[in-house]
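Descriptive analysis of the structure
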Amino acid sequence: MTAQPLERPHRIPDALGRVLLLGYPNSGKTTLFNRLCGLRAKTANFPGTTTAIRVGRLQPGRDGAPAAPIEIVDLPGLYDLKLALPEVQVVHQALSGWGGVAPAGAVLVVDATHLRRQLRLAAELQTKGLPFVLAINMIDLARRKGLSYDLERLEQELRVPVVPISARKGEGVAALVSRIADLQRGKIPVPEANPAAACDPEAWADQLTLNCLGGPTALGSASDGFLDRLDRTFTHPFVGFVIFLAVMGALFWTIFALASVPMSLIEATFAYVGKGLEQILPIGAVRDLLVGGLIGGLAGTVVFLPQIALLFFLISLLEDTGYLARAAFVMDRLLYRFGLPGNAFVPLLSSHACAIPGIFATRLIPDPSDRLTTILVAPFMSCSARLPVYVLLTGFLFPNSPLKAGLAFAGCYFFGAAAALGAAKLLRKQLLPGRSRPMILELPSYKWPDLRVAAGVALEECWSFLRTVGTTILALSFLIWWLSAFPRSAPGPEVVELRQRAAQLAAADANQAALLELEANVLERRLQQESSYAGRLGRMVEPVFAPLGLDWKLSIGVLTSFAAREVFVATLAVLVGAPEEEAELGVLERIHQAQRSDGTPLLTPASASALLVFFVLAMQCVSTLATVFRETGSLRWPMLQLVGMTGLAWSAGFATYRILVAMGWS
Amino acid sequence: MTYEARERLALLTELSEGELGRLEERTVGALESELLSALGLREGSEFRVCRAGDPWIVEVRSARIGMARRIAERLAVRRLSSPPP
């Protein structure tokens, strides 16, 4: 997928001041950010998911906020300001004022149920000479656990305002907004550094907790037995792995099962609109452009929106439950054998949505060799841009068996993951020798996922996908249509002859005449495409892909998808066109039934399988290559990916085609 | 001096589930050491073993920390309670 997350912090020009949100991972910073700014930044339960600074604006005039917006910056979660980790460096940059703007203050977000541990950050922040407010988040959860707080005393001891909130429910957020406005107005003084806190933050936080919160909780509690059993089950070498496979299987099955109805509706709508336009508009280039280029291109991509929405929604739900951190340990045992660290699990899982955020997420892998290996193999994971191609081809291979199509679909994901592991092993042997670092990870509390947050994530990603559709894909669709429609050629003698015979028969046998007219139209369209620019270009590249059983149309599809994979189906949708007799068919069905120039089927089981294998393995995304270049600072690595992955994809596709042809599947 | 030679010290991997312990010494890399400290597991920290095996899971100051066996076997600890029956 070509959509990119907000990577570089941008400034809000009319903002009155900047306020930073910082705190431990999973303290609820991003949920609070969403609550304050109305933006849907990704919230996750896996430590350190917020890998880039996000900037939003506090709505002017809200809950006592000033008339102009205040810039709110959501910083990556961190445990200690003294750690030499990339996310800590980001926080230091923000505290010292990037872009020449010093922050007006900060909001330190702490989890009310882990206050004793997280208060140590307050000790560190006191030494930074910055006014701040302590927001005690998840106060509702703490209440349910029977924890009580002497907030006045905490305020006196810390010498900063303390606001209890529940970012998820909105409780106390109005009071916090008012305090943020005070920060902007300079009404909150810089707290004095406490020598005891600076000397030993843990001991100071323990004592503070003892003074204000009725003392630290003893190790172990009644609920721990149940949590221990859950953790033991989810991280068990065998049971944990079976659960992981079941969860992932259920995820993909749900995507396939639930998306089919809205996909059919979208297809039907586009077919209806296309047919309506054909009836309204006069025959000519404008009608062809709108029906073939616009409707055809849009239908070929928007149809996959339900599956993309479901994928992001379900992954967000899983992240939120706390399960993924446990799954990371299950995968650590496997990944270690292939030279990858356990921390690579989340970047690789994220790459199933899009390799670009997956590559950004590798910044949390501290070891350079571990990180580089993960970056290099991440594009093997099947991203959502491959999803349209998988749906098209598995649907063709198993038209009457959703179960087999679903298994083939899941098989593509497993095949991609297996290729990533194999490539990692090879890289660690040949180019990046050494063992991966052992994994250490905080396991977040289990909780019910927030449906609103997951829906927000899905909406954000869908919107991002639609923006891509509205720009890149639509532009390419128009280009492909133009290439396939021009130069216009006069109907050939065979077409003219057919039409003459149809005209002669019109009075005697209307049905036969209509059939001849139809035949003439199909032949005319085929000849037009063959002599078009697209036809000529396709024929130029056809020899490269012919060994995989692809004709010029499929070759053009593969060629255009090097810009972005999702363009493949849109390209084919435009190339196979929507003639009058097939206008009511959905785009996928039209591609399935399309023919080559010689009248043989466009797709055969052998060529469709070869194409599927090619798409699983090939490096076809310019945005990903650019990201790898930026993250590694070298052209060597993206070039290695492009040549290595595409070479492997071609070879594997060729082998697949030859084997299936030998088995009589052509 | 090796861990085995020290009286009453054990490796984390020798503790059973449910046992309480205190971290005495660690011989892990600098990065791992810093990360453990940030998560709250440093010399003198008391913990409870939630899961014995790969991964090892300990509870420290209300946080649960998971670690690969390769880390757990490099942490010298003192038992604070008898192994559960």
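Residues numbered from 1 in each chain as written. Chains lettered and ligands numbered in written order. Predicted model: local features only at pLDDT ≥ 70, side-chain atom pairs only at ≥ 80, totals over all residues. Heavy atoms only, no water.

**Here we look at the overall build of chain A**
We apply this condition: Working definition: helices are DSSP H or I runs of at least four residues, strands are E runs of at least two. Numbering for both runs from the N terminus. For each residue, the accessible area found with a 1.4 Å probe, counting protein chains only, is set against the maximum for its type, and the residue is called buried under 20%, exposed over 50%, and partly exposed in between. Contacts are residue-level and defined by heavy atoms, with any inter-residue pair within 4.5 Å sufficient.
Within chain A, the regular secondary structure consists of 29 helices and seven strands. Classification of the 666 residues of chain A by burial places 56% in the buried group. Across chain A, the fraction of contacts at a sequence separation of at least 24, relative to all contacts at a separation of at least 6, is 76%.

**Let's talk about the overall build of chain B**
What counts is decided by this rule: Computed by Shrake-Rupley with a 1.4 Å probe, the accessible areas treat only the displayed protein chains as cover when residues are assessed.
A count of helical and extended segments in chain B gives two helices and six strands. Burial statistics for chain B: of 85 residues in total, 53% are counted as buried. Expressed as a percentage of contacts within chain B between residues at least 6 apart in sequence, the contacts between residues at least 24 apart total 61%. Approximately 3,500 Å² of chain B is accessible, and the part contributed by carbon and sulfur atoms is 47%.

**Digging into the pairing of strand β6 (residues 75-79) of chain B**
All names here are of chain B. Applicable threshold: A pair of strands is considered paired only if DSSP assigns at least 2 bridges between the two.
Alignment of strand β1 (residues 9-11) against β6, held across three bridges, turns out to be antiparallel. Within β6, the position partnered with Leu11 by the bridge is Ala76. For strand β2 (residues 20-26) and β6, the ladder comprises five bridges, and the chain directions are antiparallel. Residue Arg22 lies in a different strand from β6, and its bridge partner there is Arg78.

**Examining the sheet that holds strand β5 (residues 63-67) of chain B**
Using the following cut-off: Helix axes are fitted to C-alpha atoms over the stretch in contact, other axes to C-alpha atoms as well, and angles between N-to-C directions run from 0 to 180 degrees.
Pairing in this open sheet of seven strands is antiparallel, and the strands run β7(A)-β5(B)-β4(B)-β3(B)-β2(B)-β6(B)-β1(B) from one edge to the other. Both edges of this open sheet fall to β7 (440-443) of chain A together with β1 of chain B, since each of them pairs with a single strand only. Within this sheet the neighbouring strands show an average axis-to-axis angle of 40 degrees, counted without direction. Strand direction decides the pairing type here: strand β4 (residues 56-60) of chain B and β5(B), joined by five bridges, are antiparallel. Looking at β5(B), one finds that B:Val60 is bridged to B:Ala63. Docked against the sheet, helix α10 (residues 224-234) of chain A engages β7 of chain A together with β3 (46-51), β4 and β5 of chain B, running at close to 55 degrees with respect to β3(B). Taken strand by strand, helix α1 (residues 30-39) of chain B contacts β7 of chain A together with β2, β5 and β6 of chain B, and its axis lies near 15 degrees from that of β7(A).

**Section: the interface of chain B and chain A**
Heads up, the condition is: Accessible area that two parts lose when put together, with a 1.4 Å probe and added across both, is what the buried area reports. Each reported salt bridge corresponds to a side-chain nitrogen of Lys or Arg within 4 Å of a carboxyl oxygen of Asp or Glu. Any N or O atom pair separated by 3.5 Å or less is treated as a polar contact, with the protein-specific requirement of one donor-capable and one acceptor-capable atom, and with residues adjacent in sequence counted only for side-chain atom pairs. Only Asp, Glu, Lys and Arg are considered charged, only Ala, Val, Leu, Ile, Met, Phe, Trp, Tyr, Cys and Pro nonpolar, and every remaining residue, Gly among them, polar.
With 30 residues of chain B at the contact, the number on the chain A side is 40 residues. Summing both sides of the interface, chain B and chain A together bury roughly 3,200 Å²; the carbon and sulfur share of this comes to 55%. Taken together, chain B and chain A are joined by seven salt bridges. Among the ionic pairs, A:Asp228 bridges to B:Arg64, the shortest N-O distance being 2.8 Å. The tally of links between chain B and chain A comes to 14 residue pairs in polar contact (both at pLDDT 80 or more). Considering every element that reaches the side of chain B that touches chain A, the biggest residue donor is α1(B), with seven residues. Class assignment for the residues of the side of chain B that touches chain A results in 16 nonpolar, two polar and twelve charged. Pairing geometry for β7(A) and β5(B), over four bridges, is antiparallel.

**Overview of the environment of A:Val544**
Positionally, A:Val544 belongs in helix α23 (residues 533-545). For the pair A:Val544 and A:Ser555, spaced eleven residues apart in the sequence, the C-alpha separation amounts to 8.2 Å.

**Details of the nonpolar core**
To keep things clear, this is the line we draw: Definition used in this section: a nonpolar core is a set of buried Ala, Val, Leu, Ile, Met, Phe, Trp, Tyr and Cys residues joined via side-chain atoms within 4.5 Å.
Judged by nonpolar contacts, the single largest core of 112 residues is most densely connected at A:Phe345, A:Val377, A:Phe568 and A:Leu611. A:Phe568 has contacts with A:Val389, A:Leu392, A:Leu554, A:Gly557, A:Val558, A:Ser561, A:Leu611 and A:Phe615, leaving out every residue within four places of it along the chain. One finds A:Tyr24, A:Ala112, A:Leu130 and B:Leu75 within the second-largest nonpolar core, a separate group that totals 62 residues.

**Considerations on the packing of helix α18 (residues 387-397) of chain A against helix α25 (residues 567-576) of chain A**
Residues and elements named next belong to chain A. For clarity, the threshold we go by: Angle categories: roughly parallel below 35 degrees, roughly antiparallel above 145, roughly perpendicular from 65 to 115, and oblique for all the rest.
Running from N to C, α18 and α25 cross one another at 55 degrees; their axes reach a closest spacing of 7 Å. Judged on the interaxial angle alone, α25 and α18 are oblique. Contacts between α18 and α25 pair Pro388, Val389 and Leu392 from the former with Phe568, Val569 and Leu572 from the latter.

**Notes on the packing of aromatic side chains**
Quick reminder of the rule: Note on ring pairs: Phe, Tyr and Trp rings are taken, using the six-membered ring of Trp, and paired if centres are within 6.5 Å. Classes follow the plane angle, with under 30 degrees stacked, over 60 edge-to-face and the rest tilted. A positively charged side chain is recorded as over a ring if its NZ (Lys) or CZ (Arg) lies within 6 Å of the ring centre. The angle to the ring normal must also be within 35 degrees.
Scanning the entire structure with this criterion turns up twelve aromatic pairs over all chains. Looking at A:Arg326, its charged tip hangs above the ring of A:Tyr446, at a distance of 4.0 Å from the centre. In this arrangement the basic side chain of B:Arg70 is found over the ring face of A:Tyr336, its NZ or CZ atom lying 3.5 Å from the centre.

**A look at the confidence of the model for chain B**
Residues and elements named next belong to chain B. To keep it simple, the criterion reads: The predictor reports its confidence for every residue as pLDDT, a score running from 0 up to 100.
Per-chain confidence: chain B averages 86 in pLDDT, with 87% of residues scoring 70 or above. Across chain B, the element-wise mean pLDDT spans from 85 in α1 up to 95 in β6. Predicted complex, confidence summary: ipTM 0.91, pTM 0.72.

**Regarding the side chain of A:Gln126**
All names here are of chain A. Position of Gln126 relative to the elements: it lies in the loop between α4 (120-125) and β5 (132-137). Classification of Gln126 by relative accessible area gives buried; the value is 4%. A distance of 3.3 Å separates a polar side-chain atom of Gln126 from the backbone oxygen of Leu158. Among all residues touching Gln126, those that are not within four sequence positions of it are Phe132, Leu158, Pro191, Glu192, Ala193, Asn194, Ala197 and Trp204.

**Quick notes on the sheet that holds strand β3 (residues 70-74) of chain A**
Residue and element names in this part refer to chain A. As summarised here, the arrangement of the six strands in space is β2-β3-β1-β4-β5-β6, forming an open sheet in which the pairing is mixed. The sheet is open, and its two edges are formed by β2 (54-58) and β6 (162-164), each paired on a single side. Recorded for the sheet is a direction-independent mean angle of 25 degrees between the axes of neighbouring strands. In this structure, strand β1 (residues 18-23) lies alongside strand β4 (residues 105-111), joined through five bridges in parallel fashion. Bridging across to β4, Val19 finds its partner in Gly105. Its contacts with the sheet place helix α1 (residues 29-37) against β1, β2, β3 and β4, and it is angled at close to 40 degrees to β2.

**Re the side chain of A:Ser382**
Tracing the chain through its elements places A:Ser382 in the loop between α17 (368-377) and α18. Discounting chain neighbours no more than four positions away, the residues touching A:Ser382 are A:Ser351, A:His352, A:Tyr390, A:Cys412 and A:Tyr413.

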